[in-house]
Amino acid sequence: MPTDLHELLRSLRVWAPEVTSLPAFDPAAAPASPLELFTTWFAEAVAAGQTEPHTMSLATADAQGRPDVRTVMLHGADADGWSFASHAHSRKGGHLAGRPYAALGFYWPALGRQVRLRGPVTAAPSGEGQADLHARSTGALAAALTGRQSEVLGSLEELARASEAAWERAQREPAAPVPSWTLYRLRPDEAEFFQGDERRRHVRLNYRRTEAGWDQELLWP
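Heads up: these notes are all about the structure in this document.

**A few points about the environment of L111**
Mapping L111 onto the fold places it in the loop between β5 (101-108) and β6 (113-123). Sequence separation of L111 and G127 is 16 residues, and the distance between their C-alpha atoms is 37 Å. When sequence neighbours within four positions are dropped, the list of residues in contact with L111 reads S21, L22, P23, E44, A45, A48 and Q195.

Pasting the structure below:
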């Protein structure tokens, strides 16, 4: 007998105290820029044993404004923005070419924290994208060399053949170029930091970019 989805949902508990310790967050002590707070929270997520804290949701929109979302990996964050990578011909690459604006979402349940960012996206120079790719693992290069991301796949056998050839080349040529591989940077206009609370008095601190720097404001949960 199939498990009832609604029963499963009702059985789940968020931030159960026996498995989660929610830290306090005083927004009055928050640093002036979201990058500083993000770096601190990211390090604390790693220290708390959060699984894959560098994964994030990336939301884009197509030419008709229809949204799409997927999970990607954070490649870095600095004064130029939060970076991720993909093929320029992928679905997300096509979206960003037509509408170069996106949103990112991090969720670290080990600490009851979320970080949300949105802003314009630019493509880094090709050389930076290639350097980023070649600094990663052989598997990452093999996946990039396999190519044809988001295209219709005829069969798993076809994928296996293409992947095997890509792995052989990646091992043979660790600096093999992948011209379509692109490093993207999102420079946030807004950055929200959400700290969960067991009594649902969640703390939400929002940063908004201005000509003078960053303004901070609290949001109702």
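Structure's up, so let's keep going.
**Examining the pattern of salt bridges**
On inspection of all chains with the given rule, the structure shows 13 salt bridges. E192 is the salt-bridge partner of R116, the closest N and O atoms lying 2.8 Å from each other. Taken together, the residues span a long stretch of sequence, with R116 in strand β6 and E192 in strand β8 (residues 190-195) at a distance of 76 residues. A relative accessible area of 45% means that R116 is categorised as partly exposed. Between R169 and E173 there is a salt bridge, with the nearest N and O atoms lying 3.4 Å from each other. Through salt bridges with shared partners, a single ionic network connects D68, R70 and R91.

**Concerning the nonpolar core**
F84 and F106 are the most contacted members of the largest nonpolar core, which totals 27 residues. At the level of elements, α2 (34-47), β1 (55-61), β4 (81-87), β5, β6, β7 (181-186), β8 and β9 (203-210) are the ones that each hand at least two residues to this core. The residues touching F106, leaving out its near neighbours within four places in the chain, are F38, P53, T55, M56, L74, W82, R113, Q114, V115 and L117.

**Some points on unusual backbone geometry**
Backbone geometry at E52 places phi at a positive 45 degrees, although glycine is not the residue there. Tracing the backbone shows E52 in the loop between α2 and β1. Although it is not a glycine, R200 sits at a positive phi angle of roughly 65 degrees. Mapped onto the elements of the fold, R200 is located in the loop between β8 and β9. In this structure R200 comes out as partly exposed when scored by relative accessible area, which is 46%.

**Some thoughts on the environment of Y207**
Turning to its location among the elements, Y207 is positioned in strand β9. The class of Y207 is buried, set by a relative accessible area of 0%. Here P31 takes part through its backbone oxygen, which lies 2.8 Å from a polar atom of the side chain of Y207.

About the thresholds
Residues numbered from 1 in each chain as written. Predicted model: local features only at pLDDT ≥ 70, side-chain atom pairs only at ≥ 80, totals over all residues. Heavy atoms only, no water. Helix = DSSP H or I, 4+ residues; strand = E, 2+ residues; numbered from the N terminus. Contact = heavy atoms within 4.5 Å. Salt bridge = Lys/Arg side-chain N within 4 Å of Asp/Glu carboxyl O. Buried < 20%, exposed > 50% of the residue type's maximum accessible area, 1.4 Å probe, protein only. Core = buried A, V, L, I, M, F, W, Y, C linked by side-chain atoms within 4.5 Å. Polar contact = N/O pair within 3.5 Å; in protein donor to acceptor, adjacent residues only side chain to side chain.

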